[in-house]
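Listed below are the residues making up each chain.
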Protein chains: 2
Amino acid sequence: MGLFSKDIKTMDDLFLHVLQDIYYAENQILKALPEMMEKATNRELTAAFKSHFSETEKHVQRLEQAFELIGKSPKGTKCPAIDGIIDEAHEIAGEVDDKKVLDAALIAAAQAVEHYEITRYGTLIAWAGELGKEPVAKLLTTTLNEEKAADKKLTGIAEKKVNLKAAG
Amino acid sequence: MGLFSKDIKTMDDLFLHVLQDIYYAENQILKALPEMMEKATNRELTAAFKSHFSETEKHVQRLEQAFELIGKSPKGTKCPAIDGIIDEAHEIAGEVDDKKVLDAALIAAAQAVEHYEITRYGTLIAWAGELGKEPVAKLLTTTLNEEKAADKKLTGIAEKKVNLKAAG
């Protein structure tokens, strides 16, 4: 979150910091997804990661529009939470031998990423509404709905395909 | 997640690793909550943190039962994701000046923690079901429902009390 600075005095400051946090996070996710795509073996999972990569590019653009709407330049702030979540995903991708088990682990890692985004966008949308930044709230709600749909899609793949094969 | 070892060969290995990951996470949360309770100024928020502390103690006990059910000793595995999320919470607690803004930031941090737990328990319950560990799935479902309820309670406090005051 990068909320380390005494500069955070108002809700507007806090809003900007969390916006910078998720901007950093989305950009880190863009860097991490290609490896996850490459490592996944289940076709439906690979396709889901590819489609989420395109969505994530749109999420970055929407965040840039959000910065513009509040009169700020897009800027990230280092966020130890997403770094930790992505570190785990990378390590899984390199270290699990069995392909089916790896798919299950990749899904778990990707869902941790989705849930991080869901909580941050949920917070930002609530705050944007209260701070009278309705156009920003609307923009971010589109992204939040895509993150929730991505999480559900991963659950579906896990339940129908990957886990059963890995357990069998 | 600590999934760094080539020892993860089967779904049972992966299940055990994620169980160790969330066991570590719950114990770190128990250590972090007292500071969050102390820093919160909204009474309803302080009460929510206190009640979640007692729930977290039960979550740790349930995880110990889960380890027992699969014939393993309770053990944590270092998890960079929860460490990052909690680092952020600590930093917020020390660095935001305005009390109302601090409450809003503490809620956002606590909801990031809840969402991490929700995703990990969701994964473990799905895997437990597929691996024929129904009693473990049942135990963890009780915890998952409490985590979801805690997240909703925080949203309620944020929407009704804290954010409005902080924005006003």
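Residues numbered from 1 in each chain as written. Chains lettered and ligands numbered in written order. Predicted model: local features only at pLDDT ≥ 70, side-chain atom pairs only at ≥ 80, totals over all residues. Heavy atoms only, no water.

Turning next to the confidence of the model for chain A. The predicted model of chain A has a mean per-residue pLDDT of 90, with 90% of residues at 70 or higher. When mean pLDDT is compared element by element in chain A, helix α2 (residues 43–69) of chain A scores highest at 97, while helix α3 (residues 80–95) of chain A scores lowest at 82. (pLDDT = per-residue confidence, 0-100. Helix = DSSP H or I, 4+ residues; strand = E, 2+ residues; numbered from the N terminus.)

Moving on: the environment of Val-101 of chain A. Along the chain, Val-101 of chain A turns up in helix α4 (residues 99–130). Under the relative-accessibility criterion, Val-101 of chain A is labelled buried at 1%. Along the sequence, Val-101 of chain A and Ala-166 of chain A sit 65 residues apart, while their C-alpha atoms lie 5.5 Å from each other. Residue contacts for Val-101 of chain A: discarding those within four places in its chain leaves Val-96 and Ala-166 of chain A together with Ile-8, Lys-9, Thr-10, Met-11 and Leu-14 of chain B. (Buried < 20%, exposed > 50% of the residue type's maximum accessible area, 1.4 Å probe, protein only. Contact = heavy atoms within 4.5 Å.)

Let us look at the pattern of salt bridges. Residue and element names in this part refer to chain B. Summed over all chains, the structure comprises eight salt bridges over all chains. A salt bridge links Arg-120 to Asp-21; the nearest nitrogen and oxygen atoms lie 3.5 Å apart. One end of the pair, Arg-120, is in helix α4 (residues 99–130); the other, Asp-21, is in helix α1 (residues 11–39), with 99 residues separating them in the sequence. Each of the two residues, Arg-120 as well as Asp-21, counts as buried. Between Asp-83 and Lys-78 there is a salt bridge, and its shortest N-O distance comes to 2.7 Å. (Salt bridge = Lys/Arg side-chain N within 4 Å of Asp/Glu carboxyl O.)

On to the packing of α2 of chain A against α4 of chain A. All names here are of chain A. At a closest axis distance of 13 Å, the pairing of α2 and α4 adopts a crossing angle of 20°. When the interaxial angle is binned, α2 and α4 end up roughly parallel. Note on packing geometry: the crossing formed by α2 with α4 is left-handed. Mapping the contact onto sequence places Leu-45, Phe-49, His-52, His-59 and Leu-63 in α2 and Asp-103, Leu-106, Ile-107, Ala-110, Glu-114, Glu-117 and Tyr-121 in α4. Here the residues of the contact of α2 with α4 sort into seven nonpolar, two polar and three charged. (Axes fitted to C-alpha atoms, helices over the stretch in contact; angles between N-to-C directions. Parallel < 35°, antiparallel > 145°, perpendicular 65-115°, else oblique. Left-handed = near helix turned anticlockwise from the far one by under 90°. Nonpolar A, V, L, I, M, F, W, Y, C, P; charged D, E, K, R; others polar.)

Taken as a class, soluble globular proteins show a tendency for nonpolar side chains to be buried jointly. Ranked by internal contacts, the top residues of the largest apolar core, which has 119 residues, are Phe-49, Ile-82 and Leu-140 of chain A together with Phe-49, Ile-82, Trp-127 and Leu-140 of chain B. Once you skip the residues sitting within four places of it in the chain, Leu-140 of chain A turns out to touch Leu-19, Leu-63, Ala-66, Tyr-121, Leu-124 and Ile-125 of chain A. (Core = buried A, V, L, I, M, F, W, Y, C linked by side-chain atoms within 4.5 Å.)

All names here are of chain B. Under the 1.5 Å per step criterion, the end-to-end length of α1 is 41 Å for 29 residues, consistent within 8% with the ideal 42 Å. Of all the bends in α1, the greatest, near 30°, is centred on Ala-32, and the proline Pro-34 appears no more than four residues after it. Counting buried positions over the 29 residues of α1 gives 21, a clear majority of the element. (Expected span 1.5 Å × (residues − 1). Bend = angle between axes of the 7 residues up to and from the residue.)

All names here are of chain A. Under the definition given, this model contains two aromatic pairs over all chains. Relative to Phe-67, the ring of Tyr-23 lies with its centre 5.4 Å away and its plane at 80°, an arrangement referred to as edge-to-face. Placement of the pair is Tyr-23 in helix α1 (residues 11–39) and Phe-67 in helix α2, with a sequence separation of 44 residues. Like Phe-67, Tyr-23 is buried. (Phe/Tyr/Trp six-rings, centres within 6.5 Å; stacked < 30°, edge-to-face > 60°.)

Between α4 of chain A and α4 of chain B, the least distance of the axes is 9 Å, while the angle of their chain directions is 150°. In this view, α4 of chain A runs roughly antiparallel relative to α4 of chain B, as classed from their interaxial angle. When the axes of α4 of chain A and α4 of chain B are compared, the crossing they make is right-handed. Between α4 of chain A and α4 of chain B, the residues in contact are Ala-104, Ala-105, Ala-108, Gln-111, Ala-112, His-115, Tyr-116, Ile-118, Thr-119, Arg-120, Thr-123 and Trp-127 of chain A and Ala-104, Ala-105, Ala-108, Gln-111, Ala-112, His-115, Tyr-116, Ile-118, Thr-119, Arg-120, Thr-123 and Trp-127 of chain B, respectively. In terms of residue class, the contact of α4 of chain A with α4 of chain B is made up of 14 nonpolar, eight polar and two charged.

Attention now goes to the side chain of Thr-123 of chain B. Structurally, the position occupied by Thr-123 of chain B is in helix α4. With residues up to four places along the chain from it excluded, the contact list for Thr-123 of chain B reads Ala-108 and Gln-111 of chain A.

Moving on to α4 of chain A. All names here are of chain A. Here α4 spans 47 Å end to end across 32 residues, near enough to the 46 Å set by a 1.5 Å rise per residue. Among the 32 residues that make up α4, 26 are buried, leaving the element largely enclosed by the rest of the structure. With a side-chain oxygen positioned 2.9 Å from the backbone nitrogen of Lys-100, the residue opening α4 is Asp-98. One or two positions beyond α4, positive phi appears at Gly-132, with a value near 75°. (Polar contact = N/O pair within 3.5 Å; in protein donor to acceptor, adjacent residues only side chain to side chain.)

Residues and elements named next belong to chain A. Relative to the helices and strands, Thr-142 is located in helix α5 (residues 134–167). Looking at Thr-142, the relative accessible area reads 37%, which means it is partly exposed. Measuring from C-alpha to C-alpha, the distance between Thr-142 and His-59 comes to 9.0 Å, with 83 residues separating the pair along the chain.

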